Amino acid sequence: MKKLFLVITTILIAFFTCACDKETSVILFNKHRFTPETINSPSNTNVFQQNERIYYLITLPKQVESKLLLIQIYKLDGDKDERLGYDLVWGKRVKLRDEQKHYFTDYVVMNGKGNYVMKVYSRDNPTKILTSGHFYVKN
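Below you will find a few notes about this structure. (Residues numbered from 1 in each chain as written. Predicted model: local features only at pLDDT ≥ 70, side-chain atom pairs only at ≥ 80, totals over all residues. Heavy atoms only, no water.)

1. Some words on the pairing of strand S3 (residues 53-59)
Each regular strand carries side chains that alternate between the two faces of the sheet. The condition is simple: Accessibility here uses a 1.4 Å probe with only protein chains present; expressed as a share of the type maximum, an area under 20% marks a residue as buried, one over 50% as exposed, and anything in between as partly exposed. Strands here are runs of E lasting at least two residues and helices are runs of H or I lasting at least four, both read from the DSSP assignment and numbered beginning at the N terminus. Think of it this way: DSSP has to see at least two bridges between two strands before they count as a pair.
Most of S3 sits inside the fold, with five of its seven residues counted as buried. Alignment of strand S1 (residues 26-30) against S3, held across five bridges, turns out to be antiparallel. Across the sheet, Val26 pairs through a bridge with Thr59, a residue of S3.

2. What to know about the packing of aromatic side chains
What characterises a pair of aromatic rings is the spacing of the ring centres plus the angle enclosed by the ring planes. Our working definition: Paired rings are identified among Phe, Tyr and Trp, the last through its six-membered ring, by centres lying within 6.5 Å, and are further divided according to the angle between planes into stacked (under 30 degrees), edge-to-face (over 60) and tilted (the rest).
Scanning the entire structure with this criterion turns up six aromatic pairs. A ring pair is formed by Tyr116 and Phe135, whose centres lie 5.4 Å apart and whose planes are at 15°; its orientation type is stacked. Linking Tyr116 in strand S7 (residues 114-122) with Phe135 in strand S8 (residues 129-138), this pair joins segments that are 19 residues apart in sequence. With a relative accessible area of 3%, Tyr116 lands in the buried category.

3. Some points on a nonpolar patch on the surface
Note the following rule: Exposure above 30% relative accessible area and no salt bridge define the residues that can form patches, which grow by joining like charges within 9 Å and nonpolar side chains of Val, Leu, Ile, Met, Phe, Trp and Tyr within 5 Å. With residues, only the protein chains shown are counted as cover, and all accessible areas are computed by Shrake-Rupley using a 1.4 Å probe. Salt bridges are defined as contacts in which a side-chain nitrogen from Lys or Arg sits within 4 Å of a carboxyl oxygen from Asp or Glu.
Together, Met1, Leu4 and Ile8 give the surface a local cluster of nonpolar side chains, amounting to about 370 Å² of exposed area. As for its position among the elements, Leu4 is in helix H1 (residues 2-17).

4. Comments concerning the nonpolar core
To keep things clear, this is the line we draw: Buried Ala, Val, Leu, Ile, Met, Phe, Trp, Tyr and Cys residues form a nonpolar core when they are joined through side-chain atoms within 4.5 Å. We call two residues in contact when some of their heavy atoms are within 4.5 Å.
One finds Tyr56 and Phe135 to be the most contacted residues of the largest nonpolar core, which totals 21 residues. Elements with a minimum of two residues in this core: S1, S3, strand S4 (68-76), strand S6 (103-109), S7 and S8. If we ignore the near neighbours within four places in the chain, the residues touching Phe135 are Phe29, Asn46, Phe48, Ile54, Ile73, Met110, Gly114, Asn115, Tyr116 and Met118.

5. Structural notes on the sheet that holds strand S5 (residues 86-95)
Selection criterion: For helices, the axis comes from a line fit to the C-alpha atoms of the stretch in contact; other axes are also lines fit to C-alpha atoms, and the angle between any two N-to-C directions lies between 0 and 180 degrees.
Here we have five strands laid out as an open sheet, ordered S2-S8-S7-S4-S5, and mixed in their pairing. Strands at the two margins of the open sheet, each flanked by one partner only, are strand S2 (47-49) and S5. Between one strand and the next, the sheet's axes are offset by a mean angle of 25°, whatever the strand orientation. Judged from the eight bridges that link them, S7 and S8 form a sheet pairing that is antiparallel. Bridge assignment links Met118 to a residue of S8, and that residue is Gly133.

The following block contains the structure:
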């Protein structure tokens, strides 16, 4: 019984302590332009005021072959004319420059308060979401 318990414990410890080497894309939001100083600053937040610049940074661990991204922002729990609980409020096609192989940064301004989600797609596989991130706009 002790050997079985030891084997199961060893397997569980190995399973939970092994590091995954699969990197995923991430979206970071900030109130200030992204620089090496603001990447890990307390100004990284996902809560913003109306008519405030929302800076975003999209990380891409794998290089996108076509160098084309589609960025869309949906408003969740929209108004009466909503469709299935969300409404497409903003979209942008982006061509990555040579120095932007693994990231893209820009800003957007939202006028209405609410719960938003940003989704990023690649031109290589437009049906698969590379990454998504939620942010909120308050009064």
